[in-house]
Amino acid sequence: MVKFWLNCIYVTAFVFFMLWLVLKITDLKLFNAFDPVSQALNDFELTDYAFSNLREEPNPEERIVLVNIGHISRREIAQQVNIIRQFHPKVIGIDGFFDCEGGLRDSINCPQLLDTLGNLMLTDAIKEAGNVVLVTKLLQKTKTSYNPEAIDFYDSIEYSDQAPFAHNAFANFPTNADYQEDVKQCRSFIPRLEVNGKFENSFAVEIARQFDSTKTQKLFARENDEEIVNFRGNIELLNVKLKNLRNKNIETTNFHVMFYAIDIDNVLNGDFAPELFKDKIVIMGYLGDYFGDPSWEDKYFTPLNKKVAGRANPDMFGVVVHANIVAMILNEDYVGELSDWQQVVIAILLGIFTVALFMVIDEKLPAWFDAMSVLIQVFQILIISGFVVYCFVTFTYKLDLSLALGVSALIGPCYDIFKSIKSEIETQLTKRRERVLTQKI
């Protein structure tokens with residue numbers, strides 16, 4: 001019996017070795033012809049289908065109102081802030097950066113400085129509101145950026161000019177994008193980071209803290225360095241000005257009524273109900289130059305995208321991503337997930353017991369082994385995939401069982417290879433013993 005289970009462990013170890021070998025080979029880019037396929041599969045997770053198709057239509061989050069700022073000037077943003085603050089919102093978040101990039105303060109490199117009155121108006125509006133959260137940029141100094149071990153380490157912060165009169169929080173998302181205009185995929189966020197010995201909150205977390213600090217403490221109590229965003233909905237703004245798009249379905253998600261949103265002119269003209277902003281969270285940010293603008297600027301791929309693999313169009317503006325995070329914190333609607341060691345343990349146990357089953361079938365029903373082993377693998381992959389989706393839809397728990405799926409896919413071929421190697425070794429040992437006995441005789 002001990003020998004039986006040792007063989008199960010040996011085969012499982014061989015499966016993990018083959019998985020590691022496959023990963024190393026793919027890192028060498030030896031199969032560049034298959035890169036488009038691998039990229040599409042890399043962008044896909046089983047829970048994406050649950051996010052985009054299987055969950056119930058959520059009720060709108062009435063505590064959050066989104067305001068479009070498009071590409072309007074600082075003085076027009078100041079006018080928006082002054083109008084909104086008259087209706088006493090609980091907190092105003094502005095997902096816009098107001099400084100001169102690189103710290104340059106001349107009007108050639110920073111033409112925004114030419115509008116002196118507009119800058120003063122924005123500063124005064126933020127100061128008078130008293131409850132504004134502005135975004136900051138977490139940066140790496142040159143020495144740090146050249147250190148490959150410091151990819152996720154930030155040692156400096158860039159602030160907006162109005163930072164002294166507002167609460168400040170970073171807006172960086174872990175997207176794996178190499179630059180701002182690159183294709184960005186958002187699945188998670190970092191609640192807070194330590195920069196120069198001080199914890200800095202993310203933009204959405206700071207907005208939630210200003211609205212309800214108790215909820216934010218519960219988030220920090222989870223002690224997760226990174227949280228999966230429980231995306232509940234998007235906004236589809238279909239006031240389309242392009243005639244060739246008016247009769248086409250350009251909605252990118254199935255859940256498109258999660259937040260109330262108001263366009264630039266509606267705010268400036270006072271075209272809204274007075275109670276819209278009262279005691280609410282107002283998040284101002286880019287939602288296109290107008291509602292329905294098919295712009296990709298500051299837009300992300302999220303699990304709510306209708307196309308769960310091989311996506312063509314990003315589906316969510318950054319300000320809506322922030323709104324989803326705020327809603328998740330306020331509703332304490334977090335996504336649970338397995339730790340790394342739990343994923344490994346599950347994969348190991350699955351491997352050992354599957355090998356044990358294979359060995360029993362190989363011994364008792366050798367004629368049926370090939371057919372039954374393939375059926376078992378297919379059955380396992382279907383059951384694991386279905387269970388992952390079920391747990392997410394029912395319990396909002398993300399079971400990352402990709403390692404277990406890899407083990408299940410490779411265990412049949414690896415068992416055959418291991419059995420062949422073992423048989424060959426035993427044959428050679430038998431021949432060697434026979435030669436030794438012959439020599440002695």
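Before any of the text, the structure's been laid out above.
Description of the structure in this document. Just so you know, these numbers come straight off a predicted model, no measurement behind them.

1. Here's the deal with the overall build of the protein chain
Part 1 of the reasoning: Summing up its helical and strand segments, the protein chain has 13 helices and 15 strands in all.
Part 2 of the reasoning: Going through the 441 residues of the protein chain one by one, you find that 44% of them count as buried.
Part 3 of the reasoning: Within the protein chain, contacts between residues separated by at least 24 positions form 77% of all contacts whose residues are at least 6 apart in sequence.
Part 4 of the reasoning: Counting every atom, the protein chain has about 24200 Å² of accessible surface; 57% of that belongs to carbon and sulfur.

2. Some words on the state of the cysteines
Simply put, disulfide is the name for a covalent bond between the sulfur atoms of two cysteines.
Part 1 of the reasoning: Taken as a whole and judged by the stated rule, the model has one disulfide.
Part 2 of the reasoning: Put simply, Cys100 and Cys110 are joined by a disulfide, and their sulfur atoms are 1.9 Å apart. Judged by the torsion about the S-S bond (-70°), the Cys100/Cys110 disulfide is left-handed. Here Cys100, found in the loop between strand S2 (91–94) and helix H5 (116–129), pairs with Cys110, found in the loop between S2 and H5; they are 10 residues apart in sequence, far enough to count as distant. For the pair shown, Cys100 and Cys110 are each scored as buried.

3. Brief notes about unusual backbone geometry
Part 1 of the reasoning: With a phi angle near 55°, Glu223 is a residue other than glycine that sits in the positive phi range.
Part 2 of the reasoning: Within the fold, Glu223 resides in the loop between helix H8 (213–221) and strand S9 (227–228).
Part 3 of the reasoning: The backbone phi angle of Asp298 is positive, close to 50°, even though this residue is not glycine.
Part 4 of the reasoning: Examined against the element boundaries, Asp298 turns out to sit in the loop between strand S11 (281–285) and strand S12 (299–300).

4. Considering the nonpolar core
Part 1 of the reasoning: If you look at the biggest cluster of nonpolar residues, it comprises 48 residues, and the most contacted ones within it are Ile64, Leu66, Phe259, Ile281, Ile283, Val320 and Val326.
Part 2 of the reasoning: Per element, the largest residue contribution to this core is 10 residues, and it comes from helix H10 (residues 318–331).
Part 3 of the reasoning: Ignoring any residue separated from it by four or fewer positions in sequence, one finds Ile281 in contact with Arg63, Ile64, Val65, Val91, Ile207, Phe211, Val326 and Leu330.
Part 4 of the reasoning: Grouped together as the second largest cluster of nonpolar side chains are 27 residues, Ile83, Leu122, Ala129 and Met284 included.

5. Considering the packing of aromatic side chains
Part 1 of the reasoning: Under the criterion given, the structure shown has 16 aromatic pairs.
Part 2 of the reasoning: Between Phe358 and Phe369, the ring centres sit 5.7 Å apart and the planes meet at 85°, which makes this aromatic pair edge-to-face. Residue Phe358 is found in helix H11 (residues 340–364), and its partner Phe369 is found in helix H12 (residues 369–395); the two are separated by 11 residues along the sequence. The residues Phe358 and Phe369 share a single accessibility class, namely buried.
Part 3 of the reasoning: By way of ring pairs, the aromatic residues Phe14, Phe17, Trp20 and Phe418 are connected into one cluster.
Part 4 of the reasoning: Arg192 extends its terminal NZ or CZ atom over the ring of Phe199, reaching a point 4.6 Å from the ring centre.
Part 5 of the reasoning: Positioned above the aromatic ring of Phe369, the side-chain terminus of Lys419 is 4.9 Å from the ring centre.

6. Some points on the packing of helix H7 (residues 203–211) against H10
Part 1 of the reasoning: Contact geometry of H7 with H10 gives a least axis separation of 9 Å together with a crossing angle of 45°. As far as their axial angle goes, H10 and H7 are oblique. As H7 packs across H10, the resulting crossing turns out to be right-handed. Across the interface between the two elements, Phe203, Ala204, Val205, Ile207, Ala208 and Phe211 of H7 pack against His322, Ile325, Val326, Ile329 and Leu330 of H10.
Part 2 of the reasoning: For the contact of H7 with H10, the residue count by class is 10 nonpolar, one polar and no charged.

7. What to know about helix H3 (residues 46–54)
Part 1 of the reasoning: When H3 is considered as a whole, its buried residues turn out to be Thr47, Asp48, Ala50, Phe51 and Ser52.
Part 2 of the reasoning: Against H12 and strand S15 (397–398) lie the buried residues of H3.

8. Digging into a negative patch on the surface
Part 1 of the reasoning: Taken together, Asp225, Glu226, Glu337, Asp340 and Asp400 make up a surface patch of like negative charges.
Part 2 of the reasoning: Take Asp400: it is sitting in the loop between S15 and helix H13 (402–440).
Part 3 of the reasoning: Judged by its relative accessible area of 33%, Asp400 is partly exposed.

9. Side note on the environment of Ile84
Part 1 of the reasoning: On the secondary structure map, Ile84 appears in helix H4 (residues 74–85).
Part 2 of the reasoning: Ile84 sits 190 residues away from Pro274 along the chain, and the two C-alpha atoms are 9.6 Å apart.
Part 3 of the reasoning: With near-sequence residues (within four places) excluded, Ile84 lies in contact with Val67, Pro89, Ile92, Val267, Phe277, Val282 and Met284.

10. What about a nonpolar patch on the surface?
Part 1 of the reasoning: Taken together, the side chains of Met1, Trp5, Trp341, Val345, Leu349 and Phe353 present a nonpolar region at the surface, about 700 Å² in accessible area.
Part 2 of the reasoning: No other element matches H11, which puts four residues into the nonpolar patch.
Part 3 of the reasoning: Tracing the backbone shows Trp5 in helix H1 (residues 2–27).

11. Points about the pairing of strand S1 (residues 64–68)
Part 1 of the reasoning: Within S1, five of the five residues are buried, leaving the element largely enclosed by the surrounding structure.
Part 2 of the reasoning: Residues Ile64, Leu66 and Asn68 of S1 are buried on one face, and the alternating residues Val65 and Val67, pointing to the opposite face, are buried as well.
Part 3 of the reasoning: Here S1 runs beside S11; their pairing, made up of five bridges, is parallel. The residue of S11 that forms the bridge with Ile64 is Ile281.
Part 4 of the reasoning: Summarising the sheet, S1 and strand S10 (residues 260–262) pair through three bridges and their orientation is parallel. Paired with Val65 across the bridge in S10 is Tyr260.

About the criteria used
- Residues numbered from 1 in each chain as written.
- Predicted model: local features only at pLDDT ≥ 70, side-chain atom pairs only at ≥ 80, totals over all residues.
- Heavy atoms only, no water.
- Helix = DSSP H or I, 4+ residues; strand = E, 2+ residues; numbered from the N terminus.
- Buried < 20%, exposed > 50% of the residue type's maximum accessible area, 1.4 Å probe, protein only.
- Contact = heavy atoms within 4.5 Å.
- Areas by Shrake-Rupley, 256 points an atom, 1.4 Å probe, with all protein chains shown as cover.
- Disulfide = S-S within 2.5 Å.
- Core = buried A, V, L, I, M, F, W, Y, C linked by side-chain atoms within 4.5 Å.
- Phe/Tyr/Trp six-rings, centres within 6.5 Å; stacked < 30°, edge-to-face > 60°.
- Lys NZ or Arg CZ within 6 Å of the ring centre and 35° of its normal.
- Axes fitted to C-alpha atoms, helices over the stretch in contact; angles between N-to-C directions.
- Parallel < 35°, antiparallel > 145°, perpendicular 65-115°, else oblique.
- Left-handed = near helix turned anticlockwise from the far one by under 90°.
- Nonpolar A, V, L, I, M, F, W, Y, C, P; charged D, E, K, R; others polar.
- Patch = residues over 30% accessible without salt bridge, like charges linked within 9 Å, V, L, I, M, F, W, Y side chains within 5 Å.
- Salt bridge = Lys/Arg side-chain N within 4 Å of Asp/Glu carboxyl O.
- Lys, Arg positive; Asp, Glu negative; His and termini not counted.
- Charge placed at Lys NZ, Arg CZ, Asp CG, Glu CD.
- Pairing = 2+ DSSP bridges.

So far we have only geometry, and geometry alone does not tell us how the molecule works.
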